[in-house]
Amino acid sequence: MSGVRVLVGTRKGAFILTSDGKRKNWEVSGPHFAGWEMYHLKGSPADPNRIYASQSSGWFGQVIQRSDDGGKTWDTPGGGLTTTPEGMPKVESNKFVYDTSPSGKPLTTHQWYDGTQHPWEFKRVWHLEPSLSDPNTVYAGVEDAAIFRTTDGGKTWHELAGLRGHPSGPKWQPGAGGMCLHTIVLDPSNPNRIFIAISAAGSFRSDDGGKTWKPINRGLKSQYIPDPDAEVGHCVHRIAMHRSRPGVLFMQKHWDVMRSDDAGDSWHEVSGNLPTDFGFPIDVHAHEPNTVYVVPIKSDSEHFPLDGKLRVYRSRSGGNEWEPLTKGLPQRDCYVNILRDAMSVDSLDPCGIYFGTTGGQVYCSADAGDSWTPIVRDLPAVLSVEAQTLR
Amino acid sequence: MIRIVLPPHLRTLARVDGELKLKIDGAVTQQSILDAIESKYPMLRGTIRDHVTLRRRAFVRFFACEQDLSHEPMDAALPDAVVRGAEPFLIVGAIAGG
């Protein structure tokens, strides 16, 4: 019997929502890690019961949690009593230290709000992206922007410092939400190809497994930076790909919905008839590579739906032509936001679409967006939603 | 035995109830207490003080005997009442909204 497990990260804990393939009746488990900010949880495509979670707090910093049984039990990987020869604990599962070795070609500073150079300071893990083939390998996107990788199931993390060492690094600067690496997309056809995006630096691609990186922002135009089509400085909000067509990327930028047909080498706008092209999440239908979903938000200073109507927009033509999806969604007095990692799709047939709001609702559509029902209504503000299809 | 009170979130993370009671050889200082905590509960490494600099995290405070010891040198001797186990060493999350 097939089913779905939806992993929900919120400002005050994690929740796991499960249902059978009909996606009508749901069981809600949680809060897990109550009181902590759960920026992201994601399961391994190679072993769906292996789930990684980013747990953080302004008081106590970053913790990485791992479940090997589908979220029933959790542990800090490597949290046992192993010690170094000096007698100190060996666990490093929450240790994210920027590479300062000569081989890492590291930078030590980036641009700060006042124009001075500022040291990189680790704050939290925004996004966890498990390898498509190895349950023990996971990439982590962190603030201040950098990418780390574990190959031992989360026990130790090492920076892929070539990204931060890119010559444009000193020009990167934080947006209002901080300088975070929030998007990691792995190419299923090429294990050496990785796409990432940083607010507010832009998107980058590696073709050698993360050793070296190039900016892929040609075609982006951002009126909020001095040179609107600069190599870096764009506030990319999220990138999505369909696994059958890894050269085609869709992007929700601060403003503008964009598309690339050459793996990010160039982008063109596909906002088309959207009522506003500001937004955060973007995702692709599991079975239709040309069907794309966004949630338009009024503006960069008014982070809520236009006219108080919560509308998901779907394009079945790979952009430009968009239709509002409203059935089951509030069409008055709705002023929530949907954050960048808070939308996901399952791979059942018909495709299920999920998104969570800052008002604590998690909506499900079991018919590819035609109609929606809330699974839960009153969670803490939702930071991330990841759907796992269980077969 | 040195008595230590962790904030609730760290008790959950370390899977302990109530006070910690740890034996510390040598001088009883903030540093030796934190070393002992992290040795016994490695999942707490990085949550009270930074992994690399070993500096106290900004929103964590150390209290004992009705004093704020957060800004005292890490290797300074702690009050005798803490050393004798008459008073606990308190690790506290700073007051904040949210």
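Cut-offs and rules
- Residues numbered from 1 in each chain as written.
- Chains lettered and ligands numbered in written order.
- Predicted model: local features only at pLDDT ≥ 70, side-chain atom pairs only at ≥ 80, totals over all residues.
- Helix = DSSP H or I, 4+ residues; strand = E, 2+ residues; numbered from the N terminus.
- Rg over C-alpha atoms; globule rule 2.2 N^0.38 Å.
- Buried ≥ 20, exposed ≤ 12 C-beta atoms within 10 Å, placed from the backbone.
- Contact = placed C-beta atoms within 7 Å.
- Pairing = 2+ DSSP bridges.
- Core = buried A, V, L, I, M, F, W, Y, C linked by C-beta atoms within 7 Å.
- pLDDT = per-residue confidence, 0-100.
- Arc of directions from axis to C-beta.
- Axes fitted to C-alpha atoms, helices over the stretch in contact; angles between N-to-C directions.

Thoughts on the overall build of chain A
Inference 1: The helix and strand tally for chain A stands at 0 helices and 29 strands.
Inference 2: Computed over its C-alpha atoms, the radius of gyration of chain A comes to 20 Å, within 12% of the 21 Å expected for a compact globule of 391 residues.
Inference 3: By its C-alpha atoms, chain A is 60 × 50 × 40 Å across when sized along the principal axes.
Inference 4: Of all 391 residues assigned to chain A, the portion counted as buried reaches 54%.
Inference 5: Across chain A, contacts joining residues at least 24 apart in sequence account for 50% of those joining residues at least 6 apart.

So, the pairing of strand β1 (residues 3-10) of chain A
Residues and elements named next belong to chain A.
Inference 1: Burial analysis of β1 places 7 of its 8 residues in the buried class, the great majority of the element.
Inference 2: The pairing of β1 with strand β2 (residues 13-20) spans 8 bridges and is antiparallel. Each residue of the ladder has a partner; that of G3, found in β2, is D20.
Inference 3: The turn joining β1 and β2, which pair antiparallel and follow one another in sequence, is formed by 2 residues.
Inference 4: Sheet topology places β1 next to strand β29 (residues 382-390); 8 bridges connect them, and they run antiparallel. When the sheet's bridge partners are listed, T10 is paired in β29 with V382.

Comments concerning the nonpolar core
Inference 1: Counting 129 residues, the largest nonpolar core has V8(A), I147(A), I196(A), Y354(A) and V362(A) as the members making the most contacts within it.
Inference 2: No other element matches strand β14 (residues 194-199) of chain A, which puts 5 residues into this core.

A look at the confidence of the model for chain B
Low pLDDT means the predicted coordinates in that region are not meant to be read closely.
Inference 1: This prediction gives chain B a mean pLDDT of 94; 98% of its residues lie at or above 70.
Inference 2: Model confidence for the complex: the whole-complex pTM is 0.94, and ipTM, which rates the interface, is 0.88.

Concerning the interface of chain B and chain A
Inference 1: Facing 18 residues of chain B, the contacting portion of chain A comprises 18 residues.
Inference 2: When contributions to the side of chain B that touches chain A are tallied by element, the ones reaching two or more residues are α1 (8-14) and α2 (30-40) of chain B.

Quick notes on the environment of S199(A)
Residues and elements named next belong to chain A.
Inference 1: Structurally, S199 can be placed in strand β14.
Inference 2: Given 26 C-beta atoms within a 10 Å radius, S199 is considered buried.
Inference 3: Each C-alpha atom, one on S199 and one on A161, is 18 Å from the other, the two residues being 38 residues apart in sequence.
Inference 4: If sequence neighbours within four positions are ignored, S199 has contacts with G175, G177, M179, C180, H182, C235 and V236.

Looking at the sheet that holds strand β18 (residues 249-253) of chain A
All names here are of chain A.
Inference 1: Taken in spatial order, the 4 strands line up as β17-β18-β19-β20 in an open sheet, and their pairing is antiparallel. Each of the sheet's edge strands pairs with one partner strand only, and the pair in question is β17 (236-241) and β20 (268-269).
Inference 2: Bridge count for strand β19 (residues 257-260) against β20 is 2 bridges, and the pairing is antiparallel. Paired with M258 across the bridge in β20 is E269.

Describing α2(B)
Residues and elements named next belong to chain B.
Inference 1: Listing the buried residues of α2 in full gives Q30, I33, L34, I37 and E38. Down the axis of α2, the buried set is contained in an arc of 125 degrees. They therefore lie on one face.
Inference 2: Tucked into the core, α2 has its buried residues touching β1 (2-5), β2 (20-22), β3 (60-64) and β5 (89-93).

Comments concerning the sheet that holds strand β27 (residues 362-365) of chain A
Two orientations exist for strands paired in a sheet by backbone hydrogen bonds: parallel and antiparallel.
All names here are of chain A.
Inference 1: Across the sheet, 4 strands lie side by side as β25-β26-β27-β28; this open sheet has antiparallel pairing. The strands lining the two open edges of the sheet, one partner per strand, are β25 (343-345) and β28 (373-376). When strand polarity is set aside, the average angle formed by the axes of neighbouring strands in this sheet is 25 degrees.
Inference 2: By the bridge criterion, 4 bridges tie strand β26 (residues 353-356) to β27 in an arrangement that is antiparallel. Residue pairing in the sheet places F355 in a bridge with Y363 of β27.

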